[in-house]
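Architecture and fold: a report
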Amino acid sequence: MSVPHRVAVLALDGVVALDLGTPAQVFGAAGTVDGTPLYAVTTCTPGGHPVRSSAGFQVLPDHGLELLDTADTVIVPGIHSGAPLFGGTMAAEVADALRAAYARGARVMSICTGAFVLAAAGLLDGRPATTHWAYAPRFRRLHPGVRLDPDVLFVDDGRVLTSAGVAAGIDLCLHVVRTDHGSAAANRAARRCVVPPWRDGGQAQYIERPVPRGTDHGTAATREWARQRLHEPVALREMAAHARMSVRTFTRHFRSETGLSPAQWLLQQRTEHARVLLETTDLSVDRIARDAGFGTTAALRQHFHARVGVAPSAYRRTFRRPSPAASPAPPSPAAPPSPAPADLGVVAPGRPDVSELSTATTA
């Protein structure tokens, strides 16, 4: 991957304003510890002509479709009008440019109803994909050959990635940063954007009540309490007692606030904690299994593979970042102290010397 990685955002008529700005904001916030940009984001339109946005203003780009000829990643934001959304068709020049970009090896992504554009170009045929849940029935009618899953935040199918609506585009972009450069880089970008650094792609798109009715009856404090005890067994009854609720009431509140059951949420937290320890420490897989609360290496392998798709050892080989301390020339006694490790979030439960990726599951 070249640095900076070239990202081309293709804006079509009726482009959703938030979706249009999301790639530039998230990828623009992604950099190394010393601030070196990891991505360069540029916007284009067919012919380089202005297009109307869904928010009542026009977008005046600096580039036409030729930008797609050299982009490493092409992103299509959502649209609220146009032939792809209503008829499942699109201009031949746009479809050809997207297909050509994919054919030469570019990664292709969509946000929200941008999936209609990729589908109209034939890039989603036979693939798993998602879009905004409200547009799922229409998408299925127009593109029955796509394996649509409207109940997830995003779908990563190799070089073709799709996301659900609105804020899910942020989740997808952060997922790409994490895939390209690791959790530390993704967390730095998330903190710059003041958003949660991770929501699992398989999480439900919509939940019953995103905001608790009152802080006195929410489960946020209990979730934080549980996060600090991931290295210990955490029983549902203990969580309910901490929240001063019955198990039944606690479970109902928990699911309405996070979209997950307490058991699913705990498993997600443990897996993400293990992911960060694999990336950022030299701890053995057995030790990580204990620190993340899986108990045994076998349990860690089973759940990690189910959620991430690879074994812990394979994930470490792929995503482990060399430690600055591994430099062959140790500092002299007179040298200034080494800089502190990059801030990855909150302190890992049970290990005050290791930073953990801060996670959130609320919408």
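Residues numbered from 1 in each chain as written. Predicted model: local features only at pLDDT ≥ 70, side-chain atom pairs only at ≥ 80, totals over all residues. Heavy atoms only, no water.

**Some words on the sheet that holds strand β1 (residues 5-10)**
The line we're drawing: If DSSP finds at least two bridges between two strands, the strands pair. Comment: elements are numbered from the N terminus, with helices defined as DSSP H or I runs of at least four residues and strands as E runs of at least two. To obtain an axis, a line is fitted to C-alpha atoms, over the contacting stretch when the element is a helix, and the angle between two such axes runs from 0 to 180 degrees between their N-to-C directions. Every residue pair with non-hydrogen atoms within 4.5 Å of one another is taken to be in contact.
Ordered in space as β2-β1-β5-β6-β10-β9, the six strands form an open sheet in which the pairing is mixed. Looking at the sheet topology across the chains shown, the edges are occupied by β2 (39-44) and β9 (154-157). Mean inter-strand twist for the sheet, computed between neighbouring axes without regard to direction, equals 15°. As paired elements, β1 and β2 share six bridges and run parallel to each other. Bridging from a neighbouring strand, A8 pairs with T42 of β2. Taken strand by strand, helix α6 (residues 168-181) contacts β2, β6 (107-110), β9 and β10 (160-163), and its axis lies near 145° from that of β10.

**What to know about the side chain of S110**
Going by this rule: Two N or O atoms count as a polar contact when they lie within 3.5 Å, although within protein this holds only if one can serve as hydrogen donor and the other as acceptor, and sequence-adjacent residues are included solely when both atoms are side-chain atoms.
With respect to the helices and strands, the residue S110 is situated in strand β6. A polar side-chain atom of S110 sits 3.5 Å from the main-chain amide nitrogen of A115. Contact partners of S110, with chain neighbours within four places excluded, come to V76, A115, L118, L161, T162, S163 and L172.

**Here's the deal with the nonpolar core**
We apply this condition: Side-chain atoms within 4.5 Å are what join buried Ala, Val, Leu, Ile, Met, Phe, Trp, Tyr and Cys residues into a set we call a nonpolar core. Think of it in three bands: with a 1.4 Å probe and only protein chains considered, a residue is buried below 20% of the maximum accessible area for its type, exposed above 50%, and partly exposed in between.
Counting 34 residues, the largest nonpolar core has L10, L68, L98, L124 and F139 as the members making the most contacts within it. At the level of secondary structure, the elements contributing two or more residues to this core comprise β1, β5 (73-76), α3 (92-103), α4 (114-120) and α5 (136-142). Not counting the four nearest positions on each side in its chain, L68 is found in contact with A8, L10, C44, V74, A97, L98, A101 and R104. The next biggest cluster of nonpolar side chains, apart from the first, holds 33 residues, and it includes A29, A30, I111 and C193.

**With respect to the packing of aromatic side chains**
Cut-off, in case you're wondering: Two rings belonging to Phe, Tyr or Trp (six-membered ring only in the last case) form a pair when the distance between their centres is within 6.5 Å. Interplanar angles under 30 degrees mark stacking, angles over 60 mark edge-to-face geometry, and anything in between is tilted.
The final tally for this structure, using the stated rule, is six aromatic pairs. Aromatic side chains F27 and Y39 sit 4.7 Å apart centroid to centroid with 55° between the ring planes, which places their arrangement in the tilted category. In this pair, F27 sits in helix α1 (residues 17-29) while Y39 sits in strand β2, placing the two residues twelve residues apart along the sequence. Taking the relative accessible area as the measure of exposure, F27 reaches 1% and is therefore buried.

**Observations regarding the side chain of E272**
Relative to the helices and strands, E272 is located in helix α11 (residues 262-280). Judged by relative accessible area, E272 falls into the buried class, the value being 1%. Of note is the side chain of E272, whose polar atom sits 2.8 Å from the side chain of R275.

**Overview of helix α10 (residues 247-258)**
This is how it is decided: Given the number of residues in a helix, its expected span is that number minus one, multiplied by 1.5 Å.
Taking 1.5 Å as the rise per residue, α10 with twelve residues should run 16 Å; its terminal C-alpha atoms sit 16 Å apart, in good agreement. Along α10, the residues that are buried comprise F250, H253, F254, S256, E257 and T258. Lining the buried residues of α10 we find α8 (220-227), α9 (236-242) and α11. Within two residues after α10, G259 carries a phi angle of roughly 80°, on the positive side.

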